[in-house]
Every structure is written in C-alpha cells, then in structure tokens.
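# Inside the fold
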Amino acid sequence: MEHRRLGTSGLTVPALTLGTVTFGGGTEFFKAWGETDIAEATRLVDVSLEAGLNMFDTADAYSSGLAEEILGKAIRGKREQLLISTKGSFRMGPGPNSVGSSRQHLVQAVEASLKRLGTDRIDLYYLHGFDAMTPVEEALGTLDDLVRAGKLRYIGCSNFSGWHLMKSLAVSERVGLARHVAHQAYYSLVGRDYEWELMPVALDQGVATVVWSPLAWGRLSGKFRRGKPVPEDTRLAAAITHARGPQVPEEYLYRVVDALDAVARDTGKTVAQVALNWLLQRPSVSSVVIGVRNEAQLRDNLGTVGWKLDAAHIAKLDAASAVPLAYPYWHQRTIYGERNPPPV
C-alpha cells in the first residue's frame, strides 16, 4: 500500500481509505448502500490491515451512529494499528441544537462518536458540511479546544465550497486556531467540477483532498452498461438513493464508461481499478475512500495500487470526461488563459 502525506500536515495516510457507509444499514436510505454486520466488518478491517490499508472513515450520520458502533467493535484490540476519521454536524436528533457546527452540537457530537467508536481520540475529524448559521470562529474554536484536549488529532471539512474552505483557513491563521488539513470531497471521472475551485484552493493552501464516492455511486464500478437497466444490486436501483445522489447525464456517463472499458482492456485491470487509479494520480489527492459491500469488492479495489496509468490512457479518460466550464472559469481560461492555467 502506498502511503502519502496528508496535505502539509505531519500525518501519513494510505492511498486508499476504507469507508463504512455500508456498515449497518440502519435506515432505508443506508440499506441501499449495504448492511454489513459486525462479523463482516471485522473481516474487512482485517483484510485491509493485511494489505497496509490502515485508515477507516465513518460519520455519526451513517445509519444514525450504527456505522460508528460497528466500526468500533470491528477494530477492538487493533486501535494502535490504525487511523480513524469520522464526521459530524449533520442532524442527529429532533432538537434545534442537534444539527450544525455550534459549540453545543460539536462537543456533544464528538463525545458521542468517541463513545460509539470505543476510543479516546479521533485521528481526523471533519465538519460534514458548512453551517452558515454558526460563526466560523465558533466552529473552529470548538474544534481547536477539542484538539488541545487530546480528543481530536487533526481537523478537516467535507462538502465545503472554495470560499467556505478559504474563509475557514483565513480565520485559523488570523486567530491562531487548528486549521483544516484535509477536505473530503466528491470527485470522480463523471464529477470533475471539483477541479474548478476546490482543487486550486487545495493546491495553493496545502489542504489534502480525500475523495468520497470515487465511483460516482457505483456508476463506474463496471456494472453499468449502455442500453441495459440499472443493476439491482447497486444503490442506484433504489429511488431514495438515486434522488439524493449526484445526477449524471446518461450519454455523458456511457461516453466515460466506454473509455474506461477500452483502458481496462489495454491494461488488464478492472473498470473500477482504472477509475480509482485515475483519481490517485490527480493533483491534491492524498487518499480515496472506497466503500465496499463484501470482501470480493474490497480485494478488487485493493488492486488499484501498485501500478499507474500511462499518459496516453490518462489523456483518453480526460478527454472522455471533459465538460464545459462554468462561469467565471470559461471566461478566465478564454481571456486570461496564460495567467490562469488549469491546475491539471
């Protein structure tokens, strides 16, 4: 397993992180992702550690805390061998203070996550989303207190816009608080808008990108084919998950899938391995979160590392997945291109 520095922090993380959104299946939404129980989760953790994958990502909102509980039981007796990242700020109860990045909610969320995980510290804690109602100084001040108390080692954010991230970094620098060392973001061959704003910020500020849903909710797993129905054993077969996930135009998707098929044939790799390997070669990416339902999927995903796509294959995938830029990026590239080159 390749290991990489997490942004400009001193922490080293594996190129692949095992996600736990498939653990538990505690609600109808999460059942569509998976229903991994404690025994299967323990096996997945063991296989991961044997392969050198020692980082496990979860969130309090995954199956209303059940994913954290299962992960906590699966890693029992192995805590010193691995890293845990989890996330908070999503709604966890009916009350007005059971959501967001307020001091009230974040302290409760971190304490609850520590209890469910059965650990005394969280190695990387993300704000799961940007809370516009809570001052950035309050959110970061609370996280800084938790870092100083030894309950969190590093902090990050997830699903921020470029200006959300930049404002947070500026506040940390101005006030002298712990800064976000990582941004967990949606990025894939059919979700490249991350490159417009978030990648330049990450590169400029030394913030690592940890990619979630790198296979675009299973669309790039190799199961989706032009002219065929959505496979029943995928999360997109359920209306509740399809509606809440990233929307991808069908013709665009199959243009990318066709290119993936061609590269997979050339390299002797699976479609999923090619899609994940492409991400591992993108600027700013430190780790890619893989979500699996079983050991077979995990072992296939582990085959992503130890090799690299060549330049011709990357160019083929880049061309197939290219989309028109949004404003102001098309204007900047057209009028002032030599002074605003793309980050990739």
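See the structure above.
The sections below set out a description of the structure shown in this document. (Residues numbered from 1 in each chain as written. Predicted model: local features only at pLDDT ≥ 70, side-chain atom pairs only at ≥ 80, totals over all residues. Heavy atoms only, no water.)

## Structural notes on the packing of aromatic side chains
The relation between two aromatic rings is expressed through the spacing of the ring centres and the mutual angle of the planes. Counted according to the given criterion, the structure contains 10 aromatic pairs. Ring geometry for Tyr-186 and Trp-212: centres 5.2 Å apart, planes at 45 degrees, overall tilted. Here Tyr-186, found in strand 8 (residues 180-186), pairs with Trp-212, found in strand 9 (residues 208-212); they are 26 residues apart in sequence, far enough to count as distant. The rings of Phe-29, Phe-30, Tyr-62 and Trp-217 are connected pair by pair, giving a single aromatic cluster. (Phe/Tyr/Trp six-rings, centres within 6.5 Å; stacked < 30°, edge-to-face > 60°. Helix = DSSP H or I, 4+ residues; strand = E, 2+ residues; numbered from the N terminus.)

## Side note on the pattern of salt bridges
Taken as a whole, this structure holds 19 salt bridges when the rule is applied. A salt bridge links Asp-258 to Arg-226; the shortest N-O distance between them is 2.6 Å. Separated by 32 residues along the polypeptide, Asp-258 in helix 9 (residues 250-267) and Arg-226 in the loop between strand 9 and helix 8 (239-244) bring together distant segments of the chain. Put simply, Asp-318 and Arg-282 hold a salt bridge, and the shortest N to O gap is 3.4 Å. Placement of Asp-318 in helix 12 (residues 311-321) and of Arg-282 in the loop between helix 10 (271-280) and strand 10 (285-290) is noted, with a sequence separation of 36 residues between them. Assessed through its relative accessible area of 23%, Asp-318 is described here as partly exposed. Residue Arg-282 is classed as buried on the basis of its relative accessible area of 9%. One continuous salt-bridge network, built from bridges that share partners, spans Arg-192, Glu-195, Arg-282 and Asp-318. (Salt bridge = Lys/Arg side-chain N within 4 Å of Asp/Glu carboxyl O. Buried < 20%, exposed > 50% of the residue type's maximum accessible area, 1.4 Å probe, protein only.)

## A closer look at the packing of helix 9 against helix 12
Packed helix pairs are specified by the crossing angle of their axes together with the interaxial distance, meaning the distance between the axes. The N-to-C vectors of helix 9 and helix 12 enclose an angle of 170 degrees; their axes lie 8 Å apart at closest approach. With respect to each other, helix 9 and helix 12 are oriented roughly antiparallel. Contacts from Tyr-252, Arg-255, Val-256, Ala-259, Leu-260, Ala-262, Val-263, Asp-266 and Thr-267 of helix 9 reach helix 12 at His-313, Lys-316, Leu-317, Ala-320 and Ser-321. When the residues that make up the contact of helix 9 with helix 12 are grouped by side-chain class, the tally is 8 nonpolar, 3 polar and 3 charged. (Axes fitted to C-alpha atoms, helices over the stretch in contact; angles between N-to-C directions. Parallel < 35°, antiparallel > 145°, perpendicular 65-115°, else oblique. Contact = heavy atoms within 4.5 Å. Nonpolar A, V, L, I, M, F, W, Y, C, P; charged D, E, K, R; others polar.)

## Observations concerning the side chain of Ser-172
Note that Ser-172 resides in helix 6 (residues 162-175). The buried category is assigned to Ser-172, whose relative accessible area is 4%. From its side chain, Ser-172 meets the backbone oxygen of Ala-178 in a polar contact 3.0 Å long. Excluding residues that lie within four positions of it along the chain, Ser-172 makes contacts with Leu-140, Leu-177, Ala-178 and Arg-179. (Polar contact = N/O pair within 3.5 Å; in protein donor to acceptor, adjacent residues only side chain to side chain.)

## Notes on the environment of Lys-31
Structurally, Lys-31 is set in helix 1 (residues 28-31). What makes Lys-31 partly exposed here is its relative accessible area of 36%.

## Thoughts on the environment of Leu-203
On the secondary structure map, Leu-203 appears in helix 7 (residues 194-205). C-alpha of Leu-203 to C-alpha of Thr-27: the two residues are 176 residues apart in sequence and 37 Å apart in space. Sequence-distant contacts of Leu-203, that is, excluding residues within four places in its chain, are made with Pro-283, Ser-284 and Pro-343.

## So, unusual backbone geometry
In the segment running from Tyr-327 into Pro-328, the intervening peptide bond is cis, with an omega of 10 degrees. Structurally, Pro-328 is set in the loop between helix 12 and helix 13 (329-335). Phi at Ser-63 is positive, roughly 55 degrees, even though this residue is not glycine. By the element assignment, Ser-63 lies in the loop between strand 4 (55-57) and helix 3 (66-74). Given the relative accessible area of 4%, Ser-63 is considered buried.

## Looking at the sheet that holds strand 3 (residues 16-19)
Reading around the barrel, the 8 strands line up as 3-4-5-6-7-8-9-10 and close back on themselves, with parallel pairing between neighbours. Put simply, the sheet's adjacent strands are angled 30 degrees from each other on average, direction ignored. Here 4 bridges tie strand 7 (residues 152-158) to strand 8, and the two strands are oriented parallel to one another. In the sheet register, Ser-158 faces strand 8, and the bridge partner there is Gln-184. (Pairing = 2+ DSSP bridges.)

## Describing helix 7
Since one α-helical turn is 3.6 residues long, residues separated by three or four positions face the same way. Taking 1.5 Å of rise per residue, 12 residues should cover 16 Å, and helix 7 covers 15 Å from first to last C-alpha, within 8% of that figure. Every buried residue of helix 7 is listed here: Tyr-194, Glu-195, Leu-198, Met-199, Val-201 and Ala-202. Looking at the buried positions of helix 7, the neighbouring elements they touch are helix 6, strand 8, strand 9 and helix 10. Downstream of helix 7 by one or two residues, Gly-206 has phi in the positive range, about 70 degrees. (Expected span 1.5 Å × (residues − 1).)

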